[in-house]
Amino acid sequence: MSAAAMRVVDTDLFSYVLRLGDLGLVLGQRLGEWVGHAPAIEEDLGMANVALDLIGQARLFLGYAGEIEGRGRDEDAIAFLREQGEYLNPTLAEQPNGDFGQTVVRQVLIDAYQLELYERLISSTDERLAAIAAKAVKETRYHLRYSGGWLVRLGDGTQESRSRVQGALGRLWPYTAELFVEDDVDRAMQDRGVGPRLAEVHKAWSSRIGALLSEATLDRPADRPYSWFGKHGQHSEHLGYLLAEMQYLQRAHPGARW
Amino acid sequence: MNAAPDAAARIARAWAALGGVEDPEIPGVSVVDLGVIRSVAAQSDGGLEVGLSPTYTGCPATEVIRQLVEDALAAAAVGPFWIKRVLAPAWSSDWITPQGRRRLRECGIVPPDHSSSDLRDLRRGNHPVACPRCHSMQTETVSEFGSTPCKALHRCCACLEPFEYFKCI
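The rules we used
- Residues numbered from 1 in each chain as written.
- Chains lettered and ligands numbered in written order.
- Predicted model: local features only at pLDDT ≥ 70, side-chain atom pairs only at ≥ 80, totals over all residues.
- Helix = DSSP H or I, 4+ residues; strand = E, 2+ residues; numbered from the N terminus.
- Buried ≥ 20, exposed ≤ 12 C-beta atoms within 10 Å, placed from the backbone.
- Contact = placed C-beta atoms within 7 Å.
- Nonpolar A, V, L, I, M, F, W, Y, C, P; charged D, E, K, R; others polar.
- Pairing = 2+ DSSP bridges.
- Core = buried A, V, L, I, M, F, W, Y, C linked by C-beta atoms within 7 Å.
- Domains from an automatic or database assignment.
- Axes fitted to C-alpha atoms, helices over the stretch in contact; angles between N-to-C directions.
- Parallel < 35°, antiparallel > 145°, perpendicular 65-115°, else oblique.
- Left-handed = near helix turned anticlockwise from the far one by under 90°.
- Expected span 1.5 Å × (residues − 1).

Asks: Just to check I follow, could you spell out the overall build of chain B for this structure?
Replies: Counting its secondary structure elements, chain B contains three helices and nine strands. For chain B, the sequential pattern of α-helices and β-strands runs α-β-β-β-β-α-β-α-β-β-β-β. Taking the principal axes of its C-alpha atoms as reference, chain B extends roughly 65 × 25 × 25 Å. Counting over 169 residues, chain B shows a buried share of 36%.

Asks: Can you help me understand the interface of chain B and chain A in this one?
Replies: By a widespread convention, an interface's size corresponds to the accessible area lost as its parts come together. The interface is formed by 18 residues belonging to chain B together with 22 residues belonging to chain A. Of the residues assigned to the side of chain B that touches chain A, the class counts are 11 nonpolar, four polar and three charged.

Asks: Even after reading the chapter, I still don't get the sheet that holds strand β6 (residues 109–110) of chain B, so can you show me in this structure?
Replies: Two orientations exist for strands paired in a sheet by backbone hydrogen bonds: parallel and antiparallel. Residue and element names in this part refer to chain B. Across the sheet, which stays open at both edges, the four strands sit in the order β6-β9-β8-β7 with mixed pairing between neighbours. Looking at strand neighbours, the two that pair on one side only are β6 and β7 (139–143), the edges of this open sheet. Here strand β8 (residues 151–156) pairs with strand β9 (residues 162–166) via five bridges, running antiparallel. Looking at the pairing, Arg 155 lines up with Pro 162 of β9.

Asks: Even after reading the chapter, I still don't get the nonpolar core, so can you show me in this structure?
Replies: One broad trend across soluble globular proteins is that nonpolar side chains are buried collectively. Phe 61 and Leu 151 of chain A are the most contacted members of the largest nonpolar core, which totals 71 residues. The residues touching Leu 151 of chain A, leaving out its near neighbours within four places in the chain, are Val 104, Val 105, Val 108, Val 165, Leu 212 and Ala 216 of chain A.

Asks: Honestly, the domain arrangement of chain B in this entry has me stumped. Any pointers?
Replies: Residues and elements named next belong to chain B. Examined at the domain level, chain B breaks down into domain 1 (3–91) and domain 2 (107–166). Each of domain 1 and domain 2 was reduced to a C-alpha centroid, and the two centroids are 29 Å apart. Taken together, the contact between domain 1 and domain 2 spans seven residues of the former and four residues of the latter. For the side of domain 1 that touches domain 2, a count of residues per class yields three nonpolar, three polar and one charged.

Asks: Can you walk me through the pairing of strand β2 (residues 26–30) of chain B in this structure?
Replies: Each regular strand displays side chains that alternate between the two surfaces of the sheet. Residues and elements named next belong to chain B. As paired elements, strand β1 (residues 22–23) and β2 share two bridges and run antiparallel to each other. Within β2, the position partnered with Glu 22 by the bridge is Ser 30. Between β1 and the antiparallel strand that follows it, β2, lie two residues.

Asks: Looking at this structure, I do not really get the sheet that holds strand β3 (residues 37–42) of chain B. What am I missing?
Replies: Residue and element names in this part refer to chain B. Strand order in the open sheet formed by three strands is β3-β4-β5, with mixed pairing between adjacent strands. Looking at which strands have only one partner, the edges of the open sheet turn out to be β3 and β5 (81–85). Between one strand and the next, the sheet's axes are offset by a mean angle of 20 degrees, whatever the strand orientation. The pairing of strand β4 (residues 48–52) with β5 spans five bridges and is parallel. Opposite Val 50, over in β5, you have Ile 83 as the bridge partner.

Asks: I tried to follow the packing of helix α2 (residues 11–32) of chain A against helix α9 (residues 184–191) of chain A on my own but got confused; where do I start?
Replies: Helix-helix packing is described using two parameters, namely the angle between the two axes and the distance between the axes. Residue and element names in this part refer to chain A. Where α2 contacts α9, the two axes come as close as 9 Å, and the packing angle between them is 105 degrees. By the angle class used here, α2 and α9 are roughly perpendicular. Touching Asp 12, Ser 15 and Tyr 16 of α2 are Val 185, Ala 188 and Met 189, all from α9. Taken together, the residues of the contact of α2 with α9 sort by class into four nonpolar, one polar and one charged.

Asks: Would you explain the packing of α2 of chain A against helix α3 (residues 41–69) of chain A in this entry?
Replies: Residues and elements named next belong to chain A. With their axes 7 Å apart at the nearest point, α2 and α3 run at an angle of 155 degrees to one another. Regarding the angle of α2 to α3, the classification is roughly antiparallel. Relative to α3, α2 is oriented so that their crossing is left-handed. When grouped by side-chain class, the residues that make up the contact of α2 with α3 number 20 nonpolar, five polar and one charged.

Asks: Which parts of the structure should I look at to understand helix α7 (residues 127–155) of chain A?
Replies: The α-helix advances 3.6 residues per turn, and as a result positions three or four apart in sequence lie on the same side. With 29 residues, α7 of chain A extends 40 Å from end C-alpha to end C-alpha; this agrees with the ideal 42 Å at 1.5 Å per step. Within α7 of chain A, 22 of the 29 residues are buried, which leaves the element mostly enclosed by the surrounding structure.

Asks: I'm lost on the pairing of β3 of chain B in this one. Help?
Replies: All names here are of chain B. Strand direction decides the pairing type here: β3 and β4, joined by five bridges, are antiparallel. Within the sheet, the bridge partner assigned to Ala 41 lies in β4 and is Glu 49. Taking the residues between adjacent antiparallel strands as the criterion, β3 and β4 are bridged by five residues, where Gly 46 takes a positive phi near 95 degrees.

Asks: What exactly am I supposed to notice about the environment of Val 185 of chain A here?
Replies: All names here are of chain A. Among the structural elements, Val 185 can be located in helix α9. Remark: the alpha-carbon pair of Val 185 and Gln 95, spanning 90 residues in sequence, is separated by 24 Å. Apart from the residues lying within four places of it in its own chain, the contact partners of Val 185 are Asp 12, Ser 15 and Tyr 16.

This is the structure we're talking about:
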């Protein structure tokens, strides 16, 4: 039996790292759709820069996932050559941009989630994840400053801007439930000291979001049960279209290089 | 022949060569000044290991910088070397050297005005950044993001000139 065949892949860690990477990859791709279309040049720059950071973080996670898997897939193969059911991002990340207000709401909800997650991953027993988190947390703080600033301006802005972000909040809020539902992979990672308890992340996220919403004079929607699981590869209808665009070049011209 | 002095000379040559590698997006400021080069150390097999930290995970200049570093080290004939990506500890704007800060100012870019462990930048209601030209504190933020991931755009309300601020992270 060859060494490769005997190698046991740490599938829990592989899935866990892939989830972290796919969140940044898919959200980065979504934000990139604003380039050239944002309401102002500053926001065009802002969203492109946040997208760049998110994709940079995704590269670190996906490259690591490829090493854990040990089958020779690099970050590009993992990012661009999987099928929809193999993407493990939460469905919130793939929701369409909508108007600028909806993009801001989605961004605030995810920035705050990533911030609480990364702050805890810094003390992960997995040194590589701890290092990536320590790097990413600095960028994420800045992202939340940007998105949170816009949430307050729009929420506490005109009647029109307020009604738009309040509407977006109502549409997107149900998707936040799945961020905090633990499964076997999450529990295995907690047992090994790799990942934090999601209940703890939820509590911190909830109070951070609560403070932002009240500053933005927005009403907090009621929590509702929601059972869509992006982290198990079950996605909304929107991901397929996003992937078709993102993967086009790699599928049409396999092995293409700059 | 004693290997140690040879290694020390190669390390010194490597640092000198790296001091001449400019950031492709901030001409005049070297990768050493920016704190991107973390270490140059001789390994037991005689090769030099050069530790390089990316500023931002998605910074498009990272790969160009790596190439420029490789070219400079090859041209300086420092012998066998390789570049190691260093993620931890994460790069911080605190690592910009005094010379780097001076050169940023000369380019009209305001260096971070406080330590990255001070999170006041992350609360809204920015503290004002002094204008690099007229030193007025009457300035405002135009955009949290600028022409590169590491900079934000500000404007002076006194002399009306726009200027860049190196983000504090």
